[in-house]
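# Overview (structure and organization)
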Amino acid sequence: MNDDNDPNNFNPRDNYESTKQAVGYISRKKATQADYDRVGFKSGLEVHQQLKTKKKLFCNCPAGLYNPKDEYDAEVIRHMRPTLSELGEYDGTALMEFKTRKQIIYRLKNETACTYDIDDTPPFPLNREALDIALEISLLCKLNVVGEVHIIRKQYLDGSIPTGFQRTAILGIEGEIQLKNKKVRLIQLSIEEDSCREISDIGHVRIYQTDRLGIPLIETVTYPDFSSPDEVREGAEYIRFLNRSTGRVNVGIGSGREDVNVSCRGGSRVEIKGVSHNKWIPELTHNEVFRQWALLKICALLEKKVKNKSTWKIQSPLICLGWISPGLRYKRQKIKNSNLLL
Ligand SMILES: [Zn+2]
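In this text, all values refer to a predicted model and were calculated from it rather than measured experimentally.

## Some points on the overall build of the protein chain
When helices and strands are counted, the protein chain shows six helices and twelve strands. Seen along its three principal axes, the alpha-carbon backbone of the protein chain occupies a region of about 70 × 50 × 45 Å. Burial analysis of the protein chain (342 residues in total) assigns 29% to the buried set. Considering only residue pairs separated by 6 or more positions, the protein chain has 69% of its internal contacts joining residues 24 or more positions apart.

Here's what the structure looks like:
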């Protein structure tokens with residue numbers, strides 16, 4: 001850390017390098033298992049996989065048929081607004097989404113969407129073909145299949161599902177997969193409907209295509225048993241190939257997506273969502289675990305520096321980029337007796 005409090009002497013590059021050294025950062029190429037043990041690397045996976053079925057999960061629209069984004073028969077405009085829950089409270093995320101004042105537009109093509117897809121008809125019975133594939137994969141993962149399937153609603157507030165929730169059901173619990181050096185435990189496998197494809201998100205308007213909406217998906221959730229970035233990737237590859245071994249799942253871009261949860265010792269679980277390539281997992285998890293590790297070190301440093309937290313005032317200079325040259329270099333100078341940098 002740069003202890004020099006004069007903002008004119010602050011060199012971000014030097015500060016970055018010295019902070020990396022101070023927190024014990026090590027590049028991914030040089031990192032060994034001992035480094036990951038030192039920071040307490042911990043990670044778990046949620047693997048989503050589209051199933052290859054003729055129809056969608058809760059209606060009779062075809063699954064896996066995609067329309068070009070400018071080809072549609074109708075548009076539905078939707079405004080999301082928060083309502084009171086049964087407990088008499090507003091959901092924080094719902095309020096936050098409401099404040100963005102987004103206008104959501106759904107593009108519909110007759111052949112790939114019906115009134116169920118836009119929340120105008122109750123669901124049809126669960127697709128048995130999808131259930132059969134999901135149960136086959138559950139058994140391959142040594143999961144205990146549930147005695148009764150209960151379909152529940154999971155809140156989805158970004159607008160990517162017109163109803164505002166995703167219908168999902170847990171099919172199996174407590175399984176395991178065998179990796180090269182260890183067994184990784186599985187929490188559960190559930191079946192759920194895919195969300196809309198986002199076409200654009202500009203200003204206050206977000207546009208979705210409804211062709212992907214409702215395609216059956218399975219979600220395989222592991223315990224946080226992975227202890228290095230390469231191990232997370234190995235687990236993701238294993239689950240991907242296990243799903244594909246049935247020959248009954250979709251392949252290609254967007255048919256399999258992962259959410260990767262990562263934390264370090266003393267850190268908090270951070271979810272990296274929608275990772276569409278397994279090869280990205282090691283770099284992403286490595287960077288995230290060291291980012292958290294660095295934050296903890298900075299936190300400790302502040303704890304030492306700031307004796308009385310209640311009276312602590314953050315001092316920050318306002319930087320005005322008065323003039324930016326074509327080469328993005330800017331002149332700055334400090335006004336006498338002021339924190340304002342020009
Ligand atoms: Zn439909």
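## Some remarks on the confidence of the model for the protein chain
Looking at the protein chain as a whole, its pLDDT mean stands at 88, while 90% of the residues score no less than 70. Low pLDDT (under 50) marks residues 322-337, which in the prediction has twelve contacts with non-local residues, meaning those over four places away or in another chain.

## A look at helix H3 (residues 92-99)
By the criterion of burial, H3 is predominantly exposed, with just zero of the eight residues buried. Residue arginine 101 follows H3 closely and has a positive phi angle near 50°.

## With respect to the packing of helix H1 (residues 12-23) against helix H6 (residues 281-305)
H6 packs onto H1 with a crossing angle of 90° between their chain directions and a minimal axis gap of 10 Å. What the angle tells us is that H1 and H6 run roughly perpendicular. Residues Thr19, Ala22 and Val23 of H1 touch H6, and the partners they reach there are Trp293, Ala294 and Lys297. Looking at the contact of H1 with H6 residue by residue, the class counts come to four nonpolar, one polar and one charged.

## Examining the pairing of strand S8 (residues 197-202)
Strand direction decides the pairing type here: S8 and strand S9 (residues 205-209), joined by five bridges, are antiparallel. The residue of S9 that forms the bridge with glutamate 198 is tyrosine 208. If you look at the hairpin formed by S8 and S9, you'll find two residues sitting between the two strands, and glycine 203 has a positive phi there, around 60°.

## Describing the pairing of strand S3 (residues 103-108)
In this sheet, S3 lies alongside strand S2 (residues 74-78) in antiparallel orientation, the contact comprising five bridges. The partner of valine 76 across the bridge, within S3, is tyrosine 106. Across five bridges, the pairing between S3 and S9 is parallel. Opposite arginine 107, over in S9, you have glutamine 209 as the bridge partner.

## Regarding the sheet that holds S2
Taken in spatial order, the four strands make up an open sheet running S2-S3-S9-S8, and their pairing is mixed. Two strands bound the open sheet, and with one partner strand each, they are S2 and S8. For this sheet, the mean angle separating the axes of adjacent strands, direction not counted, is 20°.

## Observations regarding the packing of helix H5 (residues 229-244) against H6
One way to put it is that H5 packs onto H6 with a least axis distance of 8 Å and a crossing angle of 140°. The angle between the axes of H5 and H6 places the two elements in the oblique class. H5 and H6 meet at a crossing whose hand is right-handed. Judged by residue contacts, Pro229, Asp230, Val232, Arg233 and Ala236 of H5 engage Ile281, Pro282, Thr285 and His286 from H6. Across the contact of H5 with H6, the residue classes tally to five nonpolar, two polar and two charged.

## Quick look at the nonpolar core
Membership of the largest hydrophobic core comes to 39 residues, with the highest contact counts inside it found for Val39, Leu51, Ala134, Leu189, Ile218 and Val289. Contributing elements (two or more residues each) for this core: helix H2 (33-39), strand S1 (42-50), helix H4 (128-140), strand S7 (183-193), strand S10 (216-222), H5, strand S11 (256-263) and H6. Excluding residues that lie within four positions of it along the chain, alanine 134 makes contacts with Leu51, Leu171, Leu189, Ile191 and Ile218. By size, the runner-up hydrophobic cluster in this structure holds eleven residues, among which are Cys61, Ile161, Cys196 and Tyr208.

## Quick look at the environment of glutamate 86
Secondary-structure assignment places glutamate 86 in the loop between S2 and H3. When the C-alpha positions of glutamate 86 and serine 18 are compared, they lie 52 Å apart, and in sequence the two are 68 residues distant.

## Regarding H4
Here H4 spans 18 Å end to end across 13 residues, near enough to the 18 Å set by a 1.5 Å rise per residue. Buried positions along H4 lie against strand S4 (144-145), strand S6 (165-178), S7, S10 and H5. Lysine 142 lies just past H4 and shows a positive phi near 55°.

## Observations regarding unusual backbone geometry
With a phi close to 65°, aspartate 119 is a non-glycine residue in the positive phi region. Looking at the element boundaries, aspartate 119 is found in the loop between S3 and H4. In the Ramachandran plot, glutamate 174 falls in the positive-phi region, its phi being about 50° despite a non-glycine side chain. In this fold, glutamate 174 is placed in strand S6. Classification of glutamate 174 as partly exposed rests on a count of 13 C-beta atoms within 10 Å.

Criteria and cut-off values
Residues numbered from 1 in each chain as written. Predicted model: local features only at pLDDT ≥ 70, side-chain atom pairs only at ≥ 80, totals over all residues. Helix = DSSP H or I, 4+ residues; strand = E, 2+ residues; numbered from the N terminus. Buried ≥ 20, exposed ≤ 12 C-beta atoms within 10 Å, placed from the backbone. Contact = placed C-beta atoms within 7 Å. pLDDT = per-residue confidence, 0-100. Axes fitted to C-alpha atoms, helices over the stretch in contact; angles between N-to-C directions. Parallel < 35°, antiparallel > 145°, perpendicular 65-115°, else oblique. Nonpolar A, V, L, I, M, F, W, Y, C, P; charged D, E, K, R; others polar. Pairing = 2+ DSSP bridges. Left-handed = near helix turned anticlockwise from the far one by under 90°. Core = buried A, V, L, I, M, F, W, Y, C linked by C-beta atoms within 7 Å. Expected span 1.5 Å × (residues − 1).

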